[in-house]
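Examining the three-dimensional arrangement
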Amino acid sequence: MNFIDELMTNPALTNALPKALGETLLMVGVSGVFVLLIGLPLGIFLYTSAPGGLRPMRVTNRIVSDVIVNITRSIPFAILMIALIPLARAITGTSIGALAACVSLTIGTVPFFARLVETALRDVSSGKIDAAMVMGSTRLQIVAKVLVPEALPGLVAALTTTLVTLVGYSAMAGLTGGGGLGQLAYNYGFQRFDTTVMLVTIVIMVVLVQLIQWIGDASARRVDHRSAATAGTKKRRHEPVAAV
């Protein structure tokens, strides 16, 4: 009962928690949108421009893949976030707050998502691509009508994994003034030795991650036409044959 009373009377939970949760959702939501808008075309480019792709561009692919994507992914997010403070200030007009943190969250996560997109596209059967080329489809038509639809379950799973990663990154962003649940846990839980705030923050982040994962898994199953076709085949096999 004392624990419940502490939850209801702790100012960090009654006053600061709703704002911190809103900032975390803002960071994950805004960054997720920009990661999708930038990372999806980048991942498609990495796949199509690779040797053996639809439009091989060896030099450009190596520059984008090895120099831009790999180097950005190799920098720890905490260091990258600090290095991008001037850029965040130039774009948003401030170096602190949830919107400023979205800049580093987006730049730090786009290469990660682009690699997942490239991997998902590689799982598409080459026979379907060859069939589309034989029928005279352009490269753009192959990407829009073959590659992306066939890889859609993998792309949804990639976006889900990226959003879960953004939740963790948003907590680190709070340590440099980004706000959100990370800053709440650090300012009130760690610096003030408030175990209750730490526990509540961890529980909320776990629930948030589980919710994102559940929605992502359900969406991936819904868009997976292969599993739907398999389910339909099994259903027909088990249907009783009508007597003549």
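Heads up: the structure comes first, above all this text.
Only a predicted model underlies this, so the values are computations on that prediction, with no experimental measurement involved. (Residues numbered from 1 in each chain as written. Predicted model: local features only at pLDDT ≥ 70, side-chain atom pairs only at ≥ 80, totals over all residues. Heavy atoms only, no water.)

Now for the overall build of the protein. What the protein contains, in helices and strands, is 12 helices and 0 strands. Counting helices and strands in the order they occur from the N terminus, the protein gives α-α-α-α-α-α-α-α-α-α-α-α. Within the span of the protein, comprising 244 residues, buried residues form 36% of the whole. For the protein, restricting intrachain contacts to residue pairs at least 6 apart in sequence, the fraction spanning at least 24 positions comes to 71%. Surface summary for the protein: the accessible area is close to 14000 Å², and the carbon and sulfur share equals 67%. (Helix = DSSP H or I, 4+ residues; strand = E, 2+ residues; numbered from the N terminus. Buried < 20%, exposed > 50% of the residue type's maximum accessible area, 1.4 Å probe, protein only. Contact = heavy atoms within 4.5 Å. Areas by Shrake-Rupley, 256 points an atom, 1.4 Å probe, with all protein chains shown as cover.)

A few words on the nonpolar core. One finds Leu-17, Met-27, Val-167, Leu-181 and Leu-184 to be the most contacted residues of the largest nonpolar core, which totals 22 residues. It is helix H11 (residues 195–223) that contributes the most residues to this core, 6 residues altogether. Formed by 19 residues, the second largest nonpolar core is a distinct cluster that contains Val-124, Ala-132, Val-143 and Ala-151. (Core = buried A, V, L, I, M, F, W, Y, C linked by side-chain atoms within 4.5 Å.)

This next bit is on the side chain of Thr-160. With respect to the helices and strands, Thr-160 occurs in helix H9 (residues 152–173). According to the relative accessible area criterion, Thr-160 is buried, its value standing at 5%. With near-sequence residues (within four places) excluded, Thr-160 lies in contact with Ile-212, Gln-213 and Gly-216.

Before going further, it helps to spend a moment on the packing of H9 against H11. Running from N to C, H9 and H11 point in directions that differ by 170 degrees, and their axes come no closer than 8 Å. Taken together, H9 and H11 sit at an angle that is classed as roughly antiparallel. Contact with H9, carried on its side by Leu-152, Pro-153, Val-156, Thr-160, Leu-163, Val-164, Val-167 and Ala-171, involves Met-205, Leu-208, Val-209, Ile-212, Gln-213, Gly-216, Ser-219, Ala-220 and Val-223 of H11 and no other residues of that element. Counted by class, the contact of H9 with H11 contains 13 nonpolar, 4 polar and no charged residues. (Axes fitted to C-alpha atoms, helices over the stretch in contact; angles between N-to-C directions. Parallel < 35°, antiparallel > 145°, perpendicular 65-115°, else oblique. Nonpolar A, V, L, I, M, F, W, Y, C, P; charged D, E, K, R; others polar.)

Time to look at the environment of Ala-157. With respect to the element layout, Ala-157 can be found in helix H9. Sequence separation between Ala-157 and Gly-216 is 59 residues; the distance between their C-alpha atoms is 6.3 Å.

This part is about the packing of aromatic side chains. For the coordinates displayed, the defined rule picks out 1 aromatic pair. Each ring, one from Phe-77 and one from Tyr-169, has its centre 4.3 Å from the other, and the planes form 0 degrees; the classification is stacked. Linking Phe-77 in helix H4 (residues 77–83) with Tyr-169 in helix H9, this pair joins segments that are 92 residues apart in sequence. (Phe/Tyr/Trp six-rings, centres within 6.5 Å; stacked < 30°, edge-to-face > 60°.)

Turning our attention to a nonpolar patch on the surface. A contiguous nonpolar patch, built from Val-59, Ile-63, Val-67, Ile-68, Ile-71, Ile-75 and Ile-79 and spanning about 620 Å² of accessible area, is present on the exposed surface. Here the nonpolar patch gets 5 residues from one element, more than from any other, and that element is helix H3 (residues 58–74). Of note, Ile-63 is situated in helix H3. Given the relative accessible area of 46%, Ile-63 is considered partly exposed. (Patch = residues over 30% accessible without salt bridge, like charges linked within 9 Å, V, L, I, M, F, W, Y side chains within 5 Å. Salt bridge = Lys/Arg side-chain N within 4 Å of Asp/Glu carboxyl O.)

Moving on: the environment of Ile-38. Position of Ile-38 relative to the elements: it lies in helix H2 (residues 11–48). Here Ile-38 falls in the partly exposed class, since its relative accessible area comes to 43%. The spacing of Ile-38 and Val-110 is 72 residues in sequence and 6.8 Å in space, taken between C-alpha atoms.

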